[in-house]
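Working through the structure, step by step
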Amino acid sequence: MANSGSLKSTIAVSLTNYLDAGAIVAGASGLTLWQKYLGLSEVHLGWLNFISANCLGAAIGAIIGGFLADKYGRKFIFTYNMIVYMVGVLTVMLSVNFPMLLCGFLITGISVGVGVPASWTYISESSEVNNRGRNICISQMSWGFGPMCILLLGMLFAPGGYLFGWVEAVAHLFGGSDLSTEAVNAFSSRIVFFSLFVVAFIAWNLQRQLQESAEFEANKSKQAGLIDNIKVLFSNKIAVKTVCFLATIYLTWNLVASVMGFFQPHIYETAGGVSNEQANWMNCIQWAIIVGVTFIVSKIIDKTSHKAIYTFGLLVAISAWLVIVTIGVNGMMGLWLFAILWGVQGGSSPQIFYALWGSELFPAKFRAGAQGLMFFIVRGLSAVWGLIFTYIYGENGEGFTMAAFCMIALLAVSLVVGFMGVPNTRGRALDDITKERYGDNY
């Protein structure tokens, strides 16, 4: 495949990552508006987070989508999954009660989960040997663009934002002149979700034109049934060890990252004492740093030691949380130092290597299924950890130092396990890696 073809297909598939991260941030940023409009309790909000793209919805979707991608092909997922996503965000956009909103969050979350293992697998299988890391980094940049763009839109459309007058006009156009203030304000979230609908429509049109992965086509004759693939995945010792290794480095990092993704503005406001607008801007700048650092990493990842980049990212991540237990985040210097360091680590995080190694270390016949299983484990446990974290953190951030020590411990596990287990895959063909690890039968 030509270099330009690889890049073009990578960009098309990477829109899945934009929509994943975008759905998480859009859901989180609009929660207060929906709460006031529908009169929701904290329990209702907890359920919305629990079944969303951040947690259980994506976990369920991933384990389904991974094995479907191995059974019917990567293109099968790209042809139909974005339709499901559009139905989900449309349901959120049109919600007039809690069951509708919950249903929209769940459908969107499941679609996100279905798309992730197929997209990472397709990118790796469609990449040239010396561009695989670069292309995975491009998909991660898309993951950064999603929150950055959604946060910007959220601030522009929010009550008091620069474009809120336009939101009011749209609200009265569709809902009539007698809408309550809460109903009008909720339209800012509806419009943000509409932006995701538009991007999903563009992604669907681009992705359904893609050719099936050549790697999948070449191994189609080896494909067994869905149940057989699951049995092989759990019975092959090398595959089981690989699942344990990748799930460990990704889970321990993601338990920290998932909390930051959903609670970060809240943490900045309560522990840092800044306004909502300041918190959103700091979050937005942090995502811009993540995108910039990921771009730099994309230029060197196929030529530089993976162990060096991986170690650097986690040392920076641990340094960010050490800022909290030493300097603290009550002052702007500590808060900004934390935000910048966490942004830098995000550009060289274990998620990049999880996506890269997850598609390199398994044979084509259950490559996507293995990633789906790990994503299921990670997002599912992240959902539970999100509930535990709120108890450690406290109502007003009084447990933030204790939470920071928990985060440092989790990141240290990811650092040590990853450092010891970095695989030798850089610059090697997927077939070559598979034969070395599993023999000729796979």
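A closer look at the overall build of the protein chain
Looking only at helices and strands, the protein chain has 19 helices and 0 strands in total. Oriented by its inertia axes, the alpha-carbon framework of the protein chain measures out at about 70 × 50 × 35 Å. The buried share of the protein chain, taken over its 442 residues, is 59%. Excluding contacts between residues fewer than 6 apart, the proportion of contacts in the protein chain whose partners are at least 24 apart in sequence is 82%. As presented, the protein chain carries roughly 17,300 Å² of accessible surface, and 67% of it is formed by carbon and sulfur atoms. With 24 positive and 22 negative side-chain charges, the protein chain shows a spacing of 11 Å between the two charge centroids.

A short note on helix 4 (residues 56-72)
Across its 17 residues, helix 4 extends 24 Å between first and last C-alpha, which sits within 8% of the 24 Å expected from 1.5 Å per residue. Every buried residue of helix 4 is accounted for by Gly57, Ala58, Ala59, Gly61, Ala62, Gly65, Gly66, Phe67, Ala69 and Asp70.

Here's the deal with the side chain of Ser142
Following the sequence through the fold, Ser142 ends up in helix 7 (residues 132-157). Within the structure, Ser142 has its side chain in polar contact with the backbone nitrogen of Tyr18 (distance 3.3 Å). Ignoring anything within four residues of it in the chain, the contact list for Ser142 reads Ser14, Leu15, Asn17 and Tyr18.

Comments concerning the packing of aromatic side chains
Applying the stated criterion across every chain yields a total of 21 aromatic pairs. Aromatic pair Tyr310 and Phe353: ring centres 5.7 Å apart, planes at 75 degrees, arrangement edge-to-face. Separated by 43 residues along the polypeptide, Tyr310 in helix 14 (residues 306-326) and Phe353 in helix 16 (residues 350-360) bring together distant segments of the chain. Exposure class is identical for Tyr310 and Phe353. Each is buried.

Some points on helix 8 (residues 164-175)
Spanning 12 residues, helix 8 covers 16 Å between terminal C-alpha atoms, matching the ideal 16 Å at 1.5 Å per step. All of the buried residues along helix 8 are Phe164, Val167, Val170 and Ala171. Across the axial projection of helix 8, the buried residues extend over an arc of 110 degrees, all falling on one side. Immediately beyond the C-terminal end of helix 8, within one or two residues, lies Gly176, with a positive phi of roughly 90 degrees.

Some points on a nonpolar patch on the surface
Taken together, the side chains of Tyr72, Phe76, Tyr80, Ile83 and Val87 make up a nonpolar region of the molecular surface, amounting to roughly 480 Å² of accessible area. Residue contributions to the nonpolar patch peak at 4 residues, all from helix 5 (residues 74-93). Tracing the chain through its elements places Tyr80 in helix 5. The class for Tyr80 is partly exposed, based on a relative accessible area of 49%.

Overview of the confidence of the model for the protein chain
Summary statistics for the protein chain give a mean pLDDT of 86 and a share of 93% for residues scoring 70 or more. At the low end of the mean pLDDT range in the protein chain sits helix 11 (residues 226-235), at 72; at the high end sits helix 5, at 94.

Criteria and thresholds
Residues numbered from 1 in each chain as written. Predicted model: local features only at pLDDT ≥ 70, side-chain atom pairs only at ≥ 80, totals over all residues. Heavy atoms only, no water. Helix = DSSP H or I, 4+ residues; strand = E, 2+ residues; numbered from the N terminus. Buried < 20%, exposed > 50% of the residue type's maximum accessible area, 1.4 Å probe, protein only. Contact = heavy atoms within 4.5 Å. Areas by Shrake-Rupley, 256 points an atom, 1.4 Å probe, with all protein chains shown as cover. Lys, Arg positive; Asp, Glu negative; His and termini not counted. Charge placed at Lys NZ, Arg CZ, Asp CG, Glu CD. Expected span 1.5 Å × (residues − 1). Polar contact = N/O pair within 3.5 Å; in protein donor to acceptor, adjacent residues only side chain to side chain. Phe/Tyr/Trp six-rings, centres within 6.5 Å; stacked < 30°, edge-to-face > 60°. Arc of directions from axis to C-beta. Patch = residues over 30% accessible without salt bridge, like charges linked within 9 Å, V, L, I, M, F, W, Y side chains within 5 Å. Salt bridge = Lys/Arg side-chain N within 4 Å of Asp/Glu carboxyl O. pLDDT = per-residue confidence, 0-100.

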